[in-house]
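# Coordinates in review
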Amino acid sequence: MAWTSGLTGRIIEQGAPDYEEARSSYNSRFSKYPKLIVYCQVPEDAMNAIQWVRIHKIPFRVRCGGHSYEAFSLLDGGLVIDVSELLHIEIDKEAGTARIGAGFRLKPLYEALWKQGVTIPGGTCPSVGISGLSLGGGYGFLSRLYGMTCDTILEIELVDSRGKLVHANDSMRSDLFWACRGGGGGSFGIVTSITFQVHPIGDVAHYSMAWDFADLEKVVTHWQSWAPHTDSRLTSNLNLPSPKQGDIVSNGLFVGLEKELRSTVRSLQEAVPPKKITFRSSSWVEAIRRLGGREIQHVKFKNSSAYAYTPFTGEAIDTLERSLQQAPGPSNMVSFVAYGGAIGQIPPDSTAFVHRKALFVMQYQTYWEQDELALRNIEWVEQFRESMLPYTHGAYCNYCDSLISDWPNLYFGVNIARLKHIKQAYDPENLFRFEQSIPLQSE
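Remember, predicted model here, so these are calculated numbers, not experimental data.

### Observations concerning the sheet that holds strand β4 (residues 79-82)
The mixed open sheet is built from four strands, whose spatial order is β1-β2-β4-β3. Each edge of the open sheet is held by one strand with a lone partner, namely β1 (10-13) and β3 (60-63). When the angles between neighbouring strand axes are averaged without regard to direction, this sheet yields 20 degrees. The sheet contact formed by β1 and strand β2 (residues 36-39) spans four bridges and is antiparallel. When the sheet's bridge partners are listed, E13 is paired in β2 with L36. Most of the contacts of helix α2 (residues 43-56) go to β4, to which it runs at about 160 degrees, and overall it touches β2, β3 and β4.

Following this line, the structure appears as structure tokens:
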């Protein structure tokens, strides 16, 4: 149609055969109907898209992996600018860098880097997009050793609010570079590629332990005093399900030998003997495939988050246990991932990601299939999160939650004022806006 003149890339209009799949959300409790979806295949497609929305004054969203928990990367009646087909990669092993297209999902990215014997400290979900992950901070099983995903970013290429392709690094547009490392995606421009420092990687070891739900108090008490402080080569999680769902489970990945890992976990193992424990050695890429689980598409869920900055007291653990016992269904849980190590060695104001001093991040999770179960599950997550507020601090912007009213302060803490200032400087018209985008200074 003539009205799409000026847009380039792969354009999908409402009613096209592939529109239904293109408009779908990872969180299938949302159903939105954009007027157009443009898949950028080169940076110029993103530049042209911004020029087009400026001319037509049509609202838009930017999408990469499409994993926004609240479907903020979709909208009704506007344009979705999708970067998932920006899949170029240039690895320089001598320099220890990789320039990566913004559209890569984690599993194919890890596999491409693995062919060169290198990696980055990304996340675990295989289908998450690298740009959304990195811009919000990003963490996974290498983070206590190498830091957040955003800590290994060397340069960002993005299309700004005028439709110009610009670069940001420590010496050029350093304020924008600061904001893009933890300030969330979609607020400052359309990222088209990211240059990372890469790390050599080979074989690793990992463990899995399981306990009965009855051991929750002892497991949480000992895990939280151990996991954030142990050898930084080990990053571990702790998954606490509702009693209806099964065992408490902890997994961890160690960059080293299995015998070293066995020694490292011994204190936890002896403090609360697990009903089951396994150790395994494998290549890094095999481990991440196993620990990342299978790729899940289009499920209905509500998740939220918080950080533990101090160890949970007995009262906090009682609240945790009681909330899990009140879970409305079989797919309700809270998961912890240990911080510390390299994450905490960077000052909270060195990048926009502020939660450097947390002991661990928490993710409240609930999943369901029938629509009539939505309300009770959503209320359970919100009540769980609120019941833990006396013992927690902040929230993680990549686990966006539309029910958090004070999200700017919870996501970004003391860094929100600087983020607003940078937003004002680079996007004074607030072109890049969505439900939880960085506000202008005047807002």
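Having seen the model, we can carry on.
### Observations concerning helix α9 (residues 284-292)
Taken as a whole, α9 has its buried residues at W284, V285, A287, I288 and G292. Burial along α9 is one-sided: seen end-on, the buried residues are contained in an arc of 155 degrees. Among the residues trailing α9, G293 stands out with phi positive, at a value near 75 degrees.

### With respect to the pattern of salt bridges
Opposite charge on two side chains allows them to pair when their charged atoms are near. Under the criterion given, the structure shown has 25 salt bridges. Between R10 and E85 there is a salt bridge, and its shortest N-O distance comes to 2.5 Å. Of this pair, R10 sits in strand β1 while E85 sits in the loop between β4 and β5 (89-92), and the two are 75 residues apart along the sequence. Looking at R10, the relative accessible area reads 32%, which means it is partly exposed.

### So, the environment of S187
Positionally, S187 belongs in the loop between α6 (174-180) and β10 (190-197). For S187 and V62, which are 125 residues apart along the polypeptide, the C-alpha to C-alpha distance reads 9.3 Å. Leaving out residues up to four positions away in the same chain, S187 has contacts with K423, D427, F432, F434, S437 and I438. Polar contacts involving the side chain of S187 include one to the main-chain amide nitrogen of I438, which spans 3.0 Å.

### A look at the packing of helix α10 (residues 314-325) against helix α11 (residues 374-387)
It is at 10 Å that the axes of α10 and α11 come closest, and there the two elements cross at 170 degrees. With respect to their mutual orientation, α10 and α11 come out roughly antiparallel. Here α10 contributes T319, L320, S323 and L324 to the contact with α11, which in turn contributes W380, F384 and S387.

Cut-offs and rules
- Along each chain, residues carry numbers from 1 onward, in the same order as the chain's sequence is written.
- At least 70 in pLDDT is required for a residue's local features to be given in this predicted model, at least 80 for side-chain atom pairs to be given and counted, and no such filter applies to totals for whole chains, interfaces and linings, which use all residues.
- Hydrogens and water are ignored here; the side-chain numbers use all heavy atoms of the structure.
- What makes two strands pair is DSSP finding at least two bridges between them.
- Secondary structure elements follow DSSP: runs of H or I of four or more residues count as helices, runs of E of two or more count as strands, with numbering from the N terminus.
- What counts as an axis is a line fitted to C-alpha atoms, over the stretch in contact for a helix, and the angles between N-to-C directions run from 0 to 180 degrees.
- Any two residues whose heavy atoms approach within 4.5 Å are treated as being in contact.
- Relative accessibility thresholds used throughout: buried, under 20% of the residue-type maximum; exposed, over 50%; partly exposed, between the two (1.4 Å probe, protein chains only).
- The arc in question is traced by the directions running from the helix axis to the C-beta atoms.
- Note on definitions: salt bridges are taken to be side-chain nitrogens of Lys or Arg within 4 Å of carboxyl oxygens of Asp or Glu.
- Contacts described as polar in this section are N or O atom pairs within 3.5 Å, which, within protein, must combine one atom able to donate a hydrogen with one able to accept it, while residues neighboring in sequence count only if both atoms come from side chains.
- An angle counts as roughly parallel when it lies under 35 degrees, as roughly antiparallel when it exceeds 145, as roughly perpendicular when it falls between 65 and 115, and as oblique in every other case.

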